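Tertiary structure, described
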Amino acid sequence: MRYSGAGFSYDLGGVPGGAAAPLVVTAPAENYSPSVGGWFMSAMALLSLVCVLALPETRDRDLERI
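So, here's what we can say about the structure. Keep in mind that what you see is a predicted model, and the values were worked out from it rather than measured.

Our next topic: the overall build of the protein. The number of helices and strands found in the protein is 2 helices and 0 strands. Taking 11 Å as the expected radius of gyration for a compact globule of 66 residues, we find that the protein reaches 17 Å, considerably beyond that expectation. Structurally, the protein occupies a C-alpha span of about 55 × 25 × 10 Å along its principal axes. In the structure as shown, the protein presents an accessible area of about 6000 Å², 67% of it carried by carbon and sulfur atoms.

Structure, rendered in structure tokens:
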């Protein structure tokens, strides 16, 4: 059950995450510069890093009680 929930969340998040980049970057790349795609991907990587750093540490926490 736990793996099914994690797998479903991962796969469901991949659909909008994988489809968003081409949809968001196409118009600015045509109007400004093709390097907009690189800047967008860099911004998403930075956002991902910030989110990972904001996660709480669970090493000493009893995860069965959550």
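That shown, we press on.
What follows concerns the environment of Phe40. When you line up the elements, Phe40 lands in helix α2 (residues 36–54). Along the sequence, Phe40 and Glu57 sit 17 residues apart, while their C-alpha atoms lie 29 Å from each other. Aside from chain neighbours lying at most four places away, what touches Phe40 is Ala21, Val24 and Val25.

What counts and how
Residues numbered from 1 in each chain as written. Predicted model: local features only at pLDDT ≥ 70, side-chain atom pairs only at ≥ 80, totals over all residues. Heavy atoms only, no water. Helix = DSSP H or I, 4+ residues; strand = E, 2+ residues; numbered from the N terminus. Rg over C-alpha atoms; globule rule 2.2 N^0.38 Å. Areas by Shrake-Rupley, 256 points an atom, 1.4 Å probe, with all protein chains shown as cover. Contact = heavy atoms within 4.5 Å.

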